[in-house]
Amino acid sequence: MRATRQRIKNFEDAERQDRITLASLRRVAEAMGCELVYAIVPKSGTIVELAEKQAVDEATKRVLAVEHTMALENQAPGDVNKTIVEETKRLLKRPRSRAR
């Protein structure tokens, strides 16, 4: 790719407007003798911590829903925190489907 002033301006405009494509980034990287590295990273913490937080949130939601239903039937097992920990572990162990 030849880096003309107009092409560089178009690239910068697309970047500024959040409409740049990966194909454009690859071409620019190639023209600069670079390699494009694309990554998504958590805003805070690690990807493992993010997965654990999501699992805890989901486990809590599930356990509290079951706990509520069982309490209405006078069958609440109690020790909700222990059950949340167990459900979180189960969620983290299961294979994740790629489609949601």
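Residues numbered from 1 in each chain as written. Predicted model: local features only at pLDDT ≥ 70, side-chain atom pairs only at ≥ 80, totals over all residues. Heavy atoms only, no water.

Remarks on the layout of surface pockets
Here is step 1 of the chain: Estimates place the volume of the largest pocket at around 150 Å³.
Here is step 2 of the chain: Lining of the largest pocket is provided by 11 residues; of these, Arg7, Asn10, Phe11, Ser24 and Arg27 occupy positions nearest its centre.
Here is step 3 of the chain: Mapped onto the lining of the largest pocket, the elements with two or more residues apiece are α1 (5–16) and α2 (22–31).
Here is step 4 of the chain: No other element matches the four residues that α1 contributes to the lining of the largest pocket.
Here is step 5 of the chain: Grouping the constituent residues of the lining of the largest pocket by class yields five nonpolar, three polar and three charged. (1 Å grid on protein atoms, 1.4 Å probe; cavity = no way out; pocket = protein on both sides within 12 Å on 5 of 7 lines; lining within 4 Å. Points joined across faces, edges and corners; volume = space filled by probe spheres on them. Helix = DSSP H or I, 4+ residues; strand = E, 2+ residues; numbered from the N terminus. Nonpolar A, V, L, I, M, F, W, Y, C, P; charged D, E, K, R; others polar.)

Some points on unusual backbone geometry
Here is step 1 of the chain: For Asp18, which is not glycine, the phi torsion reads 60 degrees and is therefore positive.
Here is step 2 of the chain: Looking at the secondary structure, you find Asp18 in the loop between α1 and α2.

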